[in-house]
Amino acid sequence: MCIRDSYMGPETGDDVTFKRIAKGSNFDGHVEAAKRAHDAGMRISAIFLLGAGGVERSEEHATASAKLITAMDPEFVSALTLTVIPETPIAKMKDKGKFTLPSVTRMLEELRTIVAEASPTDAVFRTNHASNYLPLAGRLPQDRDRIVAVLDKALAGEVALRPEWSRGL
């Protein structure tokens, strides 16, 4: 059996956020891992986590995540939305006032930045995980303008978001 797919969960491209969420790697490490996977003939599925930078690193998280997507050049890109679960390290940081989850609007803005700035060669893009407020699908960069337009409408209140009660892990 030949394994053809590699699932990578950098969750961010921001080195400061990598340290805060204890990923054990950084931007360059993920680029190198992606290069090795591609060199071995594997396809890459990369997952990013909206809100992982908290309020204080939201912009840096989104911009660096777009850069990492471009550098890794995955065939599949997904975005999930951070849910703070009690008793987890991030929940403990939140309880101590060291982490604040961005608002829904700010996380949609992060997603808009990621979509607008990421330039993979040709990636299937999805935000269909149950944690997300806005399920989206398409290919990047081909469908970038359409996806950004939907995000802009959602940010303007013209597209309904998934209700809180229907979101889950």
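Residues numbered from 1 in each chain as written. Predicted model: local features only at pLDDT ≥ 70, side-chain atom pairs only at ≥ 80, totals over all residues. Heavy atoms only, no water.

Draft legend 1. Summary view of the layout of surface pockets. Considering only enclosed or pocket space, the largest pocket measures out at about 220 Å³ in volume. What lines the largest pocket is a set of 13 residues, and nearest its centre among them are E11, I21, L49, L82 and I90. Take the lining of the largest pocket: its biggest share by element is 3 residues, from helix α4 (residues 89–95). By residue class, the composition of the lining of the largest pocket is 8 nonpolar, 2 polar and 3 charged. (1 Å grid on protein atoms, 1.4 Å probe; cavity = no way out; pocket = protein on both sides within 12 Å on 5 of 7 lines; lining within 4 Å. Points joined across faces, edges and corners; volume = space filled by probe spheres on them. Helix = DSSP H or I, 4+ residues; strand = E, 2+ residues; numbered from the N terminus. Nonpolar A, V, L, I, M, F, W, Y, C, P; charged D, E, K, R; others polar.)

Draft legend 2. Region of interest: the side chain of S65. Here S65 shows up in helix α3 (residues 58–72). Looking at S65, its side chain comes within polar contact range of the main-chain nitrogen of G13, at 3.2 Å. (Polar contact = N/O pair within 3.5 Å; in protein donor to acceptor, adjacent residues only side chain to side chain.)

Draft legend 3. Spatial organisation of the pattern of salt bridges. This model, assessed by the stated rule, comprises 11 salt bridges. In this structure, the salt-bridge partner of E164 is R167, at a minimum N-O distance of 2.5 Å. Judged by its relative accessible area of 16%, R167 is buried. (Salt bridge = Lys/Arg side-chain N within 4 Å of Asp/Glu carboxyl O. Buried < 20%, exposed > 50% of the residue type's maximum accessible area, 1.4 Å probe, protein only.)

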